[in-house]
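# Survey of secondary and tertiary structure
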Amino acid sequence: MQTDLIHSKTLLTRSSGYLKSVCSHSLNPYSGCGYGLSSCGEGCYVRFNHWLTRGREWGKFVDVKVNAGELYIQSVEKEKNWTHKRSIPFTIFMSSSTDPWQPAEKKYRVTRAILKSMTTCPPDALILQTHSASILDDLTILLELSRLCSLRVHISIEGDRNRLPGLPPPPCSVEQRISALEQLSTQGLKTVACLSPLYPLENPQHFFERLKNSGASAVIIDHFIEGDGTAEGSRTFKTRLPSAMSKIQTDSIHLSYRDHIATIARAYLPVGISAQGFAGRYSH
Ligand code: SF4
């Protein structure tokens, strides 16, 4: 892993494209992701962002934005005013192209520094998304932030299997992630299970029952088709993910599988499909 400590010039990125309906700004404490060689890294759409990777192999580099906590304080008022002039809420999505609780966070605590800065100048709404149970390290700050802004925590759990054939293990086991949902929910935080991209489920009814029992308030279901930034999933079809999925269940690589699973999920929890779900819009 190539780790570089950098002084970033910008931190809050005004949303465009897919994210525009989800948030006003995205915030990435790191560039690159230490989970990139895990199963989720295989179909991770960020690996196709050549502007970000600059030729570096996905999962083998991370740029640590060591000044991010200060940068937030320096830029937050300007960005908050920008949203309020447009009569839209100042909503931050953290993170769109990295995992805030990836392994580097244990050492550098950039995400923690940003969250602490947010307690002095909070956004209107904050959406946190992670694959890692390490988010529990910051439970105290999350509880404080939940009193200062509208906070929603998305825990990414693509399915009920820990391994797909031919792919590496996940960053964190399914059990650990469901347990994280439970611990956060028990503390009163609003949590959402994020099946993105949806993997073939072994026992959908049992899985959604577990998610409901964890205290999650909703599920987001996002297929790699439409979810990877291309209408046909052409980016993901260049990776090993579709063949790993179809080895388990052939129809899981079709968009109709998402709709089939969403119908089952609705018997347990409110469901948000793709961008609608990331934006917090669910249906029963
Ligand atoms: S944790 Fe998120 S950003 Fe990191 S490799 Fe996995 S999907 Fe991509």
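Structural notes, computed from the coordinates. If you're wondering where the values come from, they're calculated on a predicted model, not measured in any experiment. (Residues numbered from 1 in each chain as written. Predicted model: local features only at pLDDT ≥ 70, side-chain atom pairs only at ≥ 80, totals over all residues.)

### Re helix H7 (residues 174–186)
To keep things clear, this is the line we draw: Helix numbers and strand numbers start at the N terminus; a helix is a DSSP run of H or I with at least 4 residues, a strand a run of E with at least 2. Expected span, for any helix, means 1.5 Å times one less than how many residues it has. Neighbour counting defines burial: a residue surrounded by 20 or more other C-beta atoms within 10 Å of its own C-beta is buried, one with 12 or fewer is exposed, and intermediate counts give partly exposed, using backbone-placed C-beta atoms. Arc definition: directions from the helix axis to the C-beta atoms. What counts as a contact is two residues whose backbone-derived C-beta atoms lie within 7 Å of each other.
With 13 residues, H7 extends 18 Å between its outermost C-alpha atoms, agreeing within 8% with the 18 Å of an ideal straight helix rising 1.5 Å per residue. Turning to H7, its buried residues are Arg177, Ile178, Ala180, Leu181 and Leu184. For H7, the angular spread of the buried residues around the axis is 150°, confining them to a single face. Turned more than 90 degrees off the buried face of H7, the exposed positions are Glu175 and Thr186. Looking at the buried positions of H7, the neighbouring elements they touch are strand E8 (150–156), strand E9 (190–195) and helix H8 (204–214). Following H7 by one or two positions, Gly188 adopts a phi angle in the positive range, close to 95°.

### Focus: the nonpolar core
Condition: Nonpolar cores are identified as sets of buried Ala, Val, Leu, Ile, Met, Phe, Trp, Tyr and Cys residues joined via C-beta atoms within 7 Å.
Of all hydrophobic cores here, the largest spans 69 residues; its most connected members are Leu126, Ala193, Leu195, Val219 and Ile221. Sequence-distant contacts of Ile221, defined by excluding residues within four places in its chain, comprise Leu195, Leu198, Arg258, Ile261, Ala262, Ala265, Val271, Ile273 and Gly277.

### A closer look at the sheet that holds strand E5 (residues 61–65)
Defined as follows: Whether two strands pair comes down to DSSP finding at least two bridges between them.
If you walk across this open sheet you meet the three strands as E1-E5-E4, and the pairing is mixed. Sheet topology places strand E1 (2–6) and strand E4 (30–31) at the edges, where each strand pairs with a single neighbour. Relative to E5, E1 runs parallel, the two sharing five bridges. Among the inter-strand pairings, Gln2 is bridged to a residue of E5, identified as Phe61.

### Concerning the site of the ligand
Let me state the cut-off plainly: Any residue whose backbone-placed C-beta atom lies within 6 Å of a molecule or strand is treated as near that molecule or strand. Note on residue classes: Ala, Val, Leu, Ile, Met, Phe, Trp, Tyr, Cys and Pro are nonpolar, Asp, Glu, Lys and Arg are charged, and everything else, Gly too, is polar.
Every residue near the ligand is listed here: Cys33, Tyr35, Gly36, Cys40, Gly41, Cys44, Val46, Thr98, Asp99, His131 and Pro171. For the shell around the ligand, a count of residues per class yields six nonpolar, four polar and one charged.

### Notes on the pairing of strand E6 (residues 91–94)
Here E6 shows no split at all, with Thr91 and Phe93 on one side and Ile92 and Met94 on the other all buried. Of the pairings in the sheet, the one linking strand E3 (residues 25–27) to E6 comprises two bridges and is parallel in character. Bridging across to E6, Ser26 finds its partner in Phe93. Where E6 lies against strand E7 (residues 125–130), four bridges are found, and the strand directions are parallel. What sits directly across from Ile92, in E7, is Leu126.

### Side note on the environment of Pro89
Summarising the element assignment, Pro89 is placed in the loop between helix H3 (68–85) and E6. Classification of Pro89 by C-beta neighbours within 10 Å gives partly exposed; the count is 15. It is 25 Å that separates the C-alpha atoms of Pro89 and Leu184, two residues lying 95 residues apart in sequence. Apart from residues lying up to four places away in sequence, Pro89 is in contact with Ser24, Thr83, Asp124 and Ala125.

### A word on the sheet that holds E6
Convention followed: Inter-axis angles, ranging from 0 to 180 degrees, are taken between N-to-C directions of lines fitted to C-alpha atoms, where helices are fitted over the stretch in contact.
Across the sheet, eight strands lie side by side as E2-E3-E6-E7-E8-E9-E10-E11; this open sheet has mixed pairing. Each having just a single partner strand, strand E2 (12–14) and strand E11 (271–273) make up the two edges of the open sheet. Put simply, the sheet's adjacent strands are angled 25° from each other on average, direction ignored. Sheet analysis places E8 next to E9, joined by five bridges and oriented parallel. Note that in E9 the partner of Arg152 across the bridge is Lys190.

### Observations regarding the packing of H3 against helix H5 (residues 110–120)
Counted only if it meets this: Angular relationships are summarised with four words: roughly parallel below 35 degrees, roughly antiparallel beyond 145, roughly perpendicular across 65 to 115, and oblique for the angles in between. We call a crossing left-handed when the near helix sits turned anticlockwise from the far one by less than a right angle, and right-handed when that turn is clockwise.
Running from N to C, H3 and H5 cross one another at 30°; their axes reach a closest spacing of 7 Å. Viewed along their axes, H3 and H5 adopt a mutual orientation that is roughly parallel. In this structure, H3 crosses over H5, and the sense of that crossing is right-handed. Only Val110, Ala113, Ile114, Lys116, Ser117 and Met118 of H5 make contact with H3, whose side of the interface consists of Ala68, Gly69, Tyr72 and Ile73. Class assignment for the residues of the contact of H3 with H5 results in seven nonpolar, two polar and one charged.

### With respect to helix H10 (residues 241–248)
The periodicity of an α-helix, 3.6 residues per turn, causes residues three or four positions apart to be oriented the same way. Those residues of H10 not exposed but buried are Leu241, Ala244 and Met245. Down the axis of H10, the smallest arc covering the buried residues is 95°, so these residues share one side.

### Observations concerning the pairing of E5
The element E5 is extensively covered by neighbouring structure, given that five of its five residues are classed as buried. Here E5 shows no split at all, with Phe61, Asp63 and Lys65 on one side and Val62 and Val64 on the other all buried. In this structure, E4 lies alongside E5, joined through two bridges in antiparallel fashion. The residue of E5 that forms the bridge with Tyr30 is Val64.

Just distances and angles here, no functional claims.
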